[in-house]
Every structure is written in structure tokens, then in C-alpha cells.
Amino acid sequence: MKKPVDAHCHLCFKYFKGEEDEVVERSRKKVLRVYDCGATPGTARRTLELAERFEGFVFSTIGLHPPRAPRMQQSVIDDVVRIIREHADRIAAIGEIGLDYHYVKEPGERRRMREVFERFLKLAEELDKPVVIHARDAEEHALEVLEDYDVVAMFHCYDGPAELARRIADAGHYVSLSTIHVIRGPKDERTRELLETVPLEAALTETDSPYLSPVRGERNEPRNVWRVIELLARVKGVPVGEVVETTARNALEFYDL
Ligand SMILES: [Zn+2]
């Protein structure tokens, strides 16, 4: 059987430090490729190193974690933009970027967060890159902001309303389903409705490793993307192989690198 893609994870984060070789070796057996996301200047440089070391398996996306954006120094944001520009030919997408109304509540900070979001959207337009969206309690607003830009987006770790997921797909973007749905399980009504609603042609699968582990007390790893695939197949009532093939093809089309 073909292998799935982990469309979003953070192998470049410190939780994996010193264990990257083992994790990649384990992942390779189960996963076609992983899209590793750097979200600070430090992790941006680190993901580029990993993509070089594990060429053809680890691919980089670079952005700035939205909840941190409002309080970040301008020079740090500039630094991330510079890294993206310098390595544009080696990055698959810009992100994660976006809006987080769960963590950021103060109106001034939300405004600042949106400015940073739009700065990266302009950059993505200019460099002709897709974008990885982090939207928490702000999915609809993020979709509205995207309407002003000529970019294709994936809503990473999507956990918003099912009806909005359909609108995201209708707008030509992708909805990325993560191990958070495995944690909730098929009996959870919200999860089931979402997985039923997202068209397979617009679905991506991800682990967001090291976060959102489906196994309590264990660090998440890319191979667990299989758990999302299996859940999606079960809820939709389609063969696992079809879910693997379609979501992997979606990921390659979206990232196109
Ligand atoms: Zn993430």
C-alpha cells in the first residue's frame, strides 16, 4: 500500500533534539514525506538544516506562530521574513501564519496579529508560495482575510465548524485534519460531522508532532498520521487505501515541491 503524508509537524522543535535520526528512520517506514514547520527564527534555520539532511523526506515550511506575533519585536519578524526570502527556493510554503483569538484577546494585539498575518500573505503572493494557516477560534475571519490574496491555503489542524470547512474547500483551499480528532474519536459528534463533511479531495492529514499525541503521555510522531487516515476512512466509509492515496496526492499538489 502507498504511504500517507504528514502535512504539518515540528521536527525542528526542541522536543526532538538529538533524536531526529531515529524519528526520521521510524517515520520513513510509514510515511511518504513530512512537512516540517519552523515558527521562529531559530526553528526556521533548524528546519532548513533538517530538510537538507533528510533530503526528499523532510520538507520545510516557515512562518511565525500567530499567538506570539503581537508581542514579538519587529526585528524578529523581519528576521523570519529575511530567512524566507533567502531560502525561498527551498521552502514548500509560508506558515504557519494566521489568527488566534483563543490566546490573543486584546483588540490592539489582535490588530497587530492581523498586520503580521497580512505581511506574510503579501510575501506568499510575491514569492508564489502556498500558505499554512493557524486559525483558532478565528477560522472564519482568517478565510475572509484570505479572500484579498491570490494564494492557496491549508487550514492546519482544522477544528472549526463543519459548514465552514466546506466553504474553505469550495474556495479552493485545503482542510488539514490532525490527530486531535483521533483523541476525540468517532463518537464525538463534532469530529464525526467534520470528517463526514470535508470532501476527500480537499482533505490533508497531519500530526502536528510533537503535540496532539493520540497516545496519552507519549510524544506525537509523524507515523501516527496513519491514525487520522484510518479514522477518516472509517467515518467516510471508504477504503483506507483510497484515503491514503487521495490525501497524499492533495498534499503534493498543495505544496508542489
Ligand atoms: Zn503546528
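This is a predicted model, so every value here is computed, not measured.

> Explain the overall build of the protein chain to me, and be specific about the residues and the numbers.
Helix and strand counts for the protein chain come out as 10 helices and 8 strands. Relative to the compact-globule value of 18 Å for 257 residues, the protein chain shows a C-alpha radius of gyration of 17 Å, a close match. When the backbone C-alpha atoms are referred to their principal axes, the protein chain occupies close to 50 × 40 × 35 Å. A total of 257 residues make up the protein chain; the buried ones form 58% of that total. Counting contacts in the protein chain only where the partners sit at least 6 residues apart, residues at least 24 apart contribute 73% of the total. Here the protein chain contributes 39 positively and 47 negatively charged side chains, and the mean placements of these two sets differ by 5 Å.

> With reference to specific residues and values, describe the UniProt feature "binding site: a divalent metal cation 2" (unreviewed entry) in the protein chain.
The UniProt record annotates "binding site: a divalent metal cation 2" (unreviewed entry) at His 134 and His 156. A maximum C-alpha distance of 5.8 Å is found for the annotated residues, which run over 23 residues; spatially they form one tight group. By secondary structure assignment, the location of His 134 is in strand β5 (residues 131-136). Sequence-distant contacts of His 134, defined by excluding residues within four places in its chain, comprise His 65, Pro 66, Pro 67, Glu 96, Ile 97, Gly 98, Leu 99, Asp 100 and His 156. Tracing the backbone shows His 156 in the loop between β6 (153-155) and α6 (162-170). Residue His 156 is classed as buried on the basis of its relative accessible area of 5%. The residues touching His 156, leaving out its near neighbours within four places in the chain, are His 8, Glu 96, Val 132, Ile 133, His 134, Ser 176, Glu 206 and Asp 208.

> So what's going on with the packing of helix α2 (residues 41-53) against helix α3 (residues 74-86)? Which residues, and what values?
Orientation of α2 relative to α3, taken along the N-to-C sense of each, is 15 degrees, at an axis distance of 9 Å. Classified by the interaxial angle, the pair formed by α2 and α3 is roughly parallel. The two elements α2 and α3 cross, and the hand of that crossing is left-handed. For the pair formed by α2 and α3, the contact residues are Pro 41, Ala 44, Arg 45 and Leu 48 on the first element and Val 76, Asp 79, Val 80 and Ile 83 on the second.

> Could you give me a rundown of the coordination of the zinc ion, with the residues and numbers involved?
Bound to the zinc ion are the protein donor atoms His 8 (NE2), His 10 (NE2), Glu 96 (OE) and Asp 208 (OD), situated 2.1 to 2.5 Å from the metal. Geometry at the zinc ion is irregular, judged from the 4 donor atoms that bind it and their angles of 77 to 173 degrees at the metal. Each donor residue of the zinc ion lies on one chain, and together they are spaced H-x1-H-x85-E-x111-D. Residue His 8 is found in strand β1 (residues 5-9), and its partner Asp 208 is found in the loop between β8 (203-205) and α9 (225-236); the two are separated by 200 residues along the sequence. Judged by its relative accessible area of 9%, Asp 208 falls in the buried class.

> Mind laying out the sheet that holds strand β3 (residues 58-62), listing which residues take part and the relevant values?
Here 8 strands make up an open sheet; going across it, the order is β1-β2-β3-β4-β5-β6-β7-β8 and the pairing parallel. Unpaired on one side and paired on the other, β1 and β8 mark the two borders of the sheet. On average, adjacent strands in this sheet sit at an angle of 30 degrees to one another, irrespective of strand direction. Alignment of β6 against strand β7 (residues 174-177), held across 2 bridges, turns out to be parallel. Bridging from a neighbouring strand, Met 154 pairs with Tyr 174 of β7. Contacts from α2 reach β2 (33-38), β3 and β4 (91-100), with the element oriented near 160 degrees to β3.

> Give a description of the UniProt feature "binding site: a divalent metal cation 1" (unreviewed entry) in the protein chain that names residues and reports values.
If you check UniProt for "binding site: a divalent metal cation 1" (unreviewed entry), the listed places come out as His 8, His 10, Glu 96 and Asp 208 in our numbering. Maximum C-alpha separation among the annotated residues is 11.1 Å over a sequence range of 201 residues, consistent with a single clustered spot. Each residue touching His 10, except ones within four places of it in the same chain, is listed here: Phe 16, Asp 36, Cys 37, Glu 96, Asp 208, Ser 209, Pro 210 and Tyr 211. Polar side-chain contacts of His 10 include one of 2.9 Å to the backbone oxygen of Cys 37. Contacts of Asp 208, omitting those with residues within four sequence positions, involve Asp 6, His 8, Cys 9, His 10 and His 156.

> Explain the pairing of β1 to me, using residue names and the numbers behind them.
Within β1, 5 of the 5 residues are buried, which leaves the element mostly enclosed by the surrounding structure. Bridging between β1 and β2 involves 3 bridges; their strand directions are parallel. Note on β2: the bridge partner recorded for Asp 6 is Val 34. Note that the unit made of β1, helix α1 (residues 20-30) and β2 has a crossover that is right-handed.

> Could you give an account of α2, with specific residues and numbers?
Three- or four-residue spacings in an α-helix give side chains the same orientation, since the helix completes a turn every 3.6 residues. For α2, which comprises 13 residues, the first-to-last C-alpha distance of 19 Å matches the rise-based estimate of 18 Å (1.5 Å per residue) to within 8%. Of the residues making up α2, those classed as buried are Pro 41, Thr 43, Ala 44, Arg 46, Thr 47, Leu 48, Leu 50 and Ala 51.

Rules and cut-offs
Residues numbered from 1 in each chain as written. Predicted model: local features only at pLDDT ≥ 70, side-chain atom pairs only at ≥ 80, totals over all residues. Heavy atoms only, no water. Helix = DSSP H or I, 4+ residues; strand = E, 2+ residues; numbered from the N terminus. Rg over C-alpha atoms; globule rule 2.2 N^0.38 Å. Buried < 20%, exposed > 50% of the residue type's maximum accessible area, 1.4 Å probe, protein only. Contact = heavy atoms within 4.5 Å. Lys, Arg positive; Asp, Glu negative; His and termini not counted. Charge placed at Lys NZ, Arg CZ, Asp CG, Glu CD. UniProt positions renumbered as here; feature names shortened; annotations may be inferred. Axes fitted to C-alpha atoms, helices over the stretch in contact; angles between N-to-C directions. Parallel < 35°, antiparallel > 145°, perpendicular 65-115°, else oblique. Left-handed = near helix turned anticlockwise from the far one by under 90°. Donors = N, O, S within 2.8 Å, 3.2 Å for Na, K, Ca; no water. Tetrahedral: all angles 85-135°; square planar, octahedral: opposite > 155°, others 65-115°. Pairing = 2+ DSSP bridges. Polar contact = N/O pair within 3.5 Å; in protein donor to acceptor, adjacent residues only side chain to side chain. Right-handed = clockwise from strand over helix to strand, strands pointing away. Expected span 1.5 Å × (residues − 1).

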